[in-house]
Amino acid sequence: MRRRDHATAEALLGRILERDPAQAQSWRDLGLIRLAAGRKALAVEAFERALAAGLPPLSIAFDHARALSDIGRHEEAEALAAEAQARRPRDYALTNLRGVLLKRMGRLREAVAQFEAARKLDPKSHSPLVNLGNVWTALGEGAKAKDCFARAVRLAPRDSESWRLLGQTHRHAGEVMDARRCFERALLLNPRGSEALTDLVGLLVEDGQTPRAEALLANAMQADPRAIGPRLIQGQLHRLQGRADEAEALFRQVLGIDANNLTALLALARMNEERDRAAAIDFLRRAVAAHPDSVEAAGLLCDSLNRHRVGDEAAHIQDSYENAVRMLERFGEAARPQARALRGVFARCVDFARLEGAGTLEQLLPVWTRAGQLSALHLELGRVQGLEGRRRMVEWHRRIAGLVSQRARRGRKMPAPALIGGAKIRVGFMSSDLRHHPVSYFALPLFEAYDRERFEVFCYSFYEREADRVQQHIAAKVDGFRWWQRKSDEEIAAGIAADGLDMLFELGGSTAMNRLEVMAFRPARLGASWLGYPHSAGYEEIDYILVDPYLKPDDPSLLVERPFEMPESWVCLSRLGFEPYPIAPEIPEQRHGHLTFGTMNNPYKFTPACFDAWARVLRALPDARFLFVRPESAVPAFRANVEREFARRDVAPERVKYVAVRGKHMPHYNDIDIALDSFPHVGGTTTCETLWMGVPVVTMVGPAFFERLSHSNLNNAGLADLSAASEDEYVAKALALADDRARRQHLRAGLRAQIMQHPLGQPARFVRAFYEQVAKVTAR
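These numbers come from a predicted model, not from an experiment. (Residues numbered from 1 in each chain as written. Predicted model: local features only at pLDDT ≥ 70, side-chain atom pairs only at ≥ 80, totals over all residues. Heavy atoms only, no water.)

## Details of the sheet that holds strand β11 (residues 674-676)
Right, on to step 1. Strand order in the open sheet formed by six strands is β10-β9-β8-β11-β12-β13, and the pairing between neighbours is parallel. What marks the edges here is a single partner per strand, and that holds for β10 (656-659) and β13 (723-724).
Right, on to step 2. Relative to β10, strand β9 (residues 625-629) is paired through four bridges, and the arrangement is parallel. The residue bridging F626 from the neighbouring strand is V656, located in β10. (Pairing = 2+ DSSP bridges. Helix = DSSP H or I, 4+ residues; strand = E, 2+ residues; numbered from the N terminus.)

Laid out in structure tokens, this is it:
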């Protein structure tokens, strides 16, 4: 029925009901017309009037439940469908619908049972198989999903969507030819299907056939100049190619045609998230308002709010947390594709219960692998259990990186790195953090003091904001500084290859604006990882990872790369970031009348085991306090959850103190007597800052890379005795320091000078050792 026919029928029924509002059947018909017209809320209202007029509930249960779910009243919809199904257990349509409703609610395992039941009730219908395949996809069970879609296309060989979904499972499995065949079949069956066109274009681009992809899009736009789908796909392709302005123009064109287009709103949000976070959030709020059932929009909004530092950061974090709580309650298991965002804010606000509620690592790792979300693993390093858990984490990194590398190999063939020749060794450093950032705090000496007779140094940055004085300083010191904003990974790799590097160090990892994926193209003869990521990234194209004797794991299975082993320390403190900040002459205990333990570590590193150990220390010293110096300290959810964790361990809330600060935290070390490290994911930059301010740090060393950073720093500062091998030893060392007031006073006054007499505080020594190791490795 066309829109005009809907309006005519609705008007006719309206006149009938004006004369006799008790006609239950007419209310039912009105509800069905409104439902077909997409006016879901009004359809629900009509169905409710029909029931009030005496219509048997079972007669409209299917349509009533559908409409309720479509307007977000999922619990009512599911309850209604369950009641109807109980009375009609062999009703195929109700059983299938109930599976759909359960899926929307995130109750995926229950949905599986319903779809399996529906399949048995009607073995000739492909719909339950498609629905079942979608659920297995959401659960990360790619092989099961593929089997369902394959059976669906056998039952309905002319169903375009089934072919497209089958193609997606082949694509995720790396089966390019099978995927292409499925996408082409889907497009043949439905030439205007924008989703099939999107999938086919994406696959062709991954396979190095960009001209063919662009020709497909040109033909589609020529066939229908106002078509939205091809414009969206072309915009996404431009974005991947680094043609940001053209991409943005296309997405804005789409919004001119359809102001609430979800794909365009999300694309514009992603394009603005680093250069204008507030604008990105505006696009995401529009997306969530127009599409309240979109898990992706809700998850991206949570993530963007959590990262928003302009204005009231604490309010943004709290907003993110509250959105995440609502999202988990509403979507349940269906929120797993956005679990990285949810777990990120729950970890930041120390909500351990909801952290687990968002999915376990075993449940989420297949989802993240399929999506190539290496960045999700960074937040999870401290959640691993036992040596086998640590080995599995290495394997998951290897799997995700392997998929990225596989796509890179399928793409345009990269030229081999240029062989420049000559006597000098050419070394590159790749990071968007070559500015006023902790990466530069440690890397700066390598740019300022290298031997220019033996080495040439090149830097590569993708930073999307204005260059600061540090970036300008680094650019003036090195032989080449390439500042490439918004280029594609392939373009960056080709540019680096043209510089003919002997060795390229990747310093950014998976953090914002960095381009770890470029390493998959092997743009230099040798690749190495340092600073930005405290774990093996998993890429076979990264040959080395920088370690020292204290940082290198004893178990070689905990690294993918070969060790680029420094003789003493993996880092040194430079004049940037480690300035002569004033140190108060008196220890905090003297000024405050009580001991203060504390941490400035990022809360995503906190675990229940941390609170166990911290609480043991506080219980042994009833007058002591614990101080958190973090931006989160002004976030109500953070404070409430921290106090709840301590209260569970018999530590009163009034003993927990907070300072909310971003960037100007160094003076607040003067209020901490002893810093207690997080574990198993320990501090890095924070540990160095703490020591620089004369504050001793107690750490617990573990088997993996991310558990040994503080251990290295302490050994290279002359404080090896503050590394513990167990929780009992950790607590004992903290209590011993608490009892040794004279040592704490001595460290407060003299630790900075002590550091400068040890490898951690000797940049020239570090620079010599670093470049000697480069010369040794590149000569092999």
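Alright, that's what it looks like, and here's the rest.
## A closer look at the packing of aromatic side chains
Right, on to step 1. Evaluated as defined, the whole model comprises 34 aromatic pairs.
Right, on to step 2. Measuring from centroid to centroid gives 5.7 Å for F626 and F646, while their planes differ by 50°, and the two rings are tilted. Here F626, found in strand β9, pairs with F646, found in helix α30 (residues 636-647); they are 20 residues apart in sequence, far enough to count as distant. Comparing F626 with F646, the two get one shared label, buried.
Right, on to step 3. Taking NZ or CZ as reference, K144 lies 4.5 Å from the ring centre of W136, over its face.
Right, on to step 4. Sitting over the ring of W163, R185 keeps its end group 4.6 Å from the ring centre. (Phe/Tyr/Trp six-rings, centres within 6.5 Å; stacked < 30°, edge-to-face > 60°. Buried < 20%, exposed > 50% of the residue type's maximum accessible area, 1.4 Å probe, protein only. Lys NZ or Arg CZ within 6 Å of the ring centre and 35° of its normal.)

## Some thoughts on helix α9 (residues 142-155)
The periodicity of an α-helix, 3.6 residues per turn, causes residues three or four positions apart to be oriented the same way.
Right, on to step 1. Helix length check: α9 (14 residues) gives 20 Å between terminal C-alpha atoms against 20 Å at 1.5 Å per residue, within 8%.
Right, on to step 2. Among the residues making up α9, those that are buried are A145, C148, F149, A150, A152 and V153.
Right, on to step 3. Packing partners of the buried residues in α9 comprise α8 (127-138) and α10 (160-172). (Expected span 1.5 Å × (residues − 1). Contact = heavy atoms within 4.5 Å.)

## A short note on the environment of G480
Right, on to step 1. In this structure, G480 sits in strand β3 (residues 480-483).
Right, on to step 2. With 20 residues separating them along the chain, G480 and Y460 place their C-alpha atoms 8.5 Å apart.
Right, on to step 3. Not counting the four nearest positions on each side in its chain, G480 is found in contact with V457, F458 and C459.

## Let's talk about the environment of D499
Right, on to step 1. Note on placement: D499 falls in the loop between α27 (489-498) and β4 (503-506).
Right, on to step 2. Taking relative accessible area as the criterion, D499 reaches 8% and is therefore assigned buried.
Right, on to step 3. Residues D499 and R158, 341 residues apart in the sequence, show an inter-C-alpha distance of 52 Å.
Right, on to step 4. At 2.8 Å, the side chain of D499 forms a polar contact with the side chain of R482. (Polar contact = N/O pair within 3.5 Å; in protein donor to acceptor, adjacent residues only side chain to side chain.)

## Concerning the nonpolar core
Right, on to step 1. With 128 residues, the main nonpolar core has F429, F505, W530, F628 and F646 as its most contacted residues.
Right, on to step 2. With residues up to four places along the chain from it excluded, the contact list for F628 reads T599, F606, F611, W614, S633, F638, V642, F646, V656, K657, Y658 and V659.
Right, on to step 3. Counting 40 residues, the second-largest nonpolar core is a separate cluster that includes L377, I400, F462 and L516. (Core = buried A, V, L, I, M, F, W, Y, C linked by side-chain atoms within 4.5 Å.)

## Considering the sheet that holds strand β2 (residues 455-461)
Right, on to step 1. Spatially, seven strands are ordered β3-β2-β1-β4-β5-β6-β7 in an open sheet, and the strand pairing comes out parallel. Edge strands, defined here as strands with exactly one partner in the open sheet, are β3 and β7 (562-565). In this sheet, adjacent strand axes meet at a mean angle of 25° when their direction is disregarded.
Right, on to step 2. Pairing of strand β1 (residues 425-430) with β4 involves four bridges; the strand directions are parallel. Residue pairing across strands places V427 opposite M503, the latter belonging to β4.
Right, on to step 3. Of the strands in this sheet, β2 and β3 are in contact with helix α26 (residues 469-477), which crosses β3 at around 135°. (Axes fitted to C-alpha atoms, helices over the stretch in contact; angles between N-to-C directions.)

## Here we look at the side chain of H64
Right, on to step 1. Looking at the secondary structure, you find H64 in helix α4 (residues 57-70).
Right, on to step 2. Accessibility expressed as a relative area gives 8% for H64, which makes it buried.
Right, on to step 3. If we skip the residues at most four places from it in the chain, H64 touches V44, F47, E48, L51 and L80.

## Things to note about the pattern of salt bridges
Right, on to step 1. All told, the structure shown has 69 salt bridges when counted by the stated rule.
Right, on to step 2. For R98, the salt bridge identified is with E78, shortest N-O distance 2.5 Å. Taken together, the residues R98 in helix α6 (residues 92-104) and E78 in helix α5 (residues 74-87) connect sequence positions 20 residues apart.
Right, on to step 3. Residue R98 is classed as buried on the basis of its relative accessible area, which comes to 16%.
Right, on to step 4. Residue E78 is classed as buried on the basis of its relative accessible area, which comes to 8%.
Right, on to step 5. Across the salt bridge formed by R151 and D147, the nearest N and O atoms sit 3.2 Å from each other. With R151 and D147 both in helix α9 and four residues apart, the pair spans about one turn of that helix.
Right, on to step 6. You can call R151 partly exposed: its relative accessible area is 24%.
Right, on to step 7. On the basis of relative accessible area, D147 is assigned to the partly exposed category, the value being 38%.
Right, on to step 8. What emerges from the salt-bridge pattern is a single network uniting E161, R164, R171, E195, D199 and E206. (Salt bridge = Lys/Arg side-chain N within 4 Å of Asp/Glu carboxyl O.)

## A word on unusual backbone geometry
Right, on to step 1. Following F679, the chain continues into P680 via a peptide bond in cis, with omega recorded as 5°.
Right, on to step 2. Positive phi outside glycine occurs at R522, with the angle close to 45°.
Right, on to step 3. Structurally, R522 is set in the loop between β4 and β5 (526-529).
Right, on to step 4. With phi around 75°, L531 is a residue other than glycine that occupies positive phi space.
Right, on to step 5. Relative to the elements of secondary structure, L531 occurs in the loop between β5 and β6 (544-547).
Right, on to step 6. Overall, L531 belongs to the buried group, its relative accessible area being 17%.

## Focus on the environment of V682
Right, on to step 1. As for its placement among the helices and strands, V682 is situated in the loop between β11 and α31 (685-692).
Right, on to step 2. Assessed through its relative accessible area of 0%, V682 is described here as buried.
Right, on to step 3. Linking V682 and K664, residues 18 residues apart in sequence, is a C-alpha distance of 21 Å.
Right, on to step 4. Setting aside residues up to four positions removed in sequence, V682 forms contacts with N601, K605, D677, T699, M700, F706, E707, R708, L709 and S710.

## Here's the deal with the packing of helix α14 (residues 228-240) against helix α16 (residues 262-272)
Right, on to step 1. As a packed pair, α14 and α16 sit with axes 11 Å apart at the nearest point and diverge in direction by 15°. As judged from the angle between their axes, α14 and α16 are roughly parallel. Considering only the axes of α14 and α16, their crossing is left-handed. Only T263, A264, A267, R270 and M271 of α16 make contact with α14, whose side of the interface consists of L232, Q236 and R239.
Right, on to step 2. Considering only residue class, the contact of α14 with α16 consists of four nonpolar, two polar and two charged. (Parallel < 35°, antiparallel > 145°, perpendicular 65-115°, else oblique. Left-handed = near helix turned anticlockwise from the far one by under 90°. Nonpolar A, V, L, I, M, F, W, Y, C, P; charged D, E, K, R; others polar.)

## Concerning the pairing of strand β8 (residues 596-599)
Remark: a regular strand shows side chains that alternate across the two faces of the sheet.
Right, on to step 1. The alternating pattern of β8 places T596 and G598 and F597 and T599 on opposite faces, both of which are buried.
Right, on to step 2. Pairing of β8 with β9 involves four bridges; the strand directions are parallel. What sits directly across from F597, in β9, is F626.
Right, on to step 3. A crossover links β8 with its parallel partner β9, the connecting element being helix α29 (residues 608-620), and its sense is right-handed.
Right, on to step 4. The pairing of β8 with β11 spans two bridges and is parallel. Paired with F597 across the two strands is I674, which belongs to β11. (Right-handed = clockwise from strand over helix to strand, strands pointing away.)

## Overview of the state of the cysteines
Right, on to step 1. A full pass over the atoms with the stated rule returns zero disulfides.
Right, on to step 2. Distance from the sulfur of C610, which forms no disulfide, to the nearest cysteine sulfur (C349) is 16 Å.
Right, on to step 3. Given the relative accessible area of 0%, C610 is considered buried.
Right, on to step 4. Note on C688: no disulfide assigned, nearest cysteine sulfur contributed by C572 at a separation of 9.6 Å.
Right, on to step 5. The class of C688 is buried, set by a relative accessible area of 1%. (Disulfide = S-S within 2.5 Å.)

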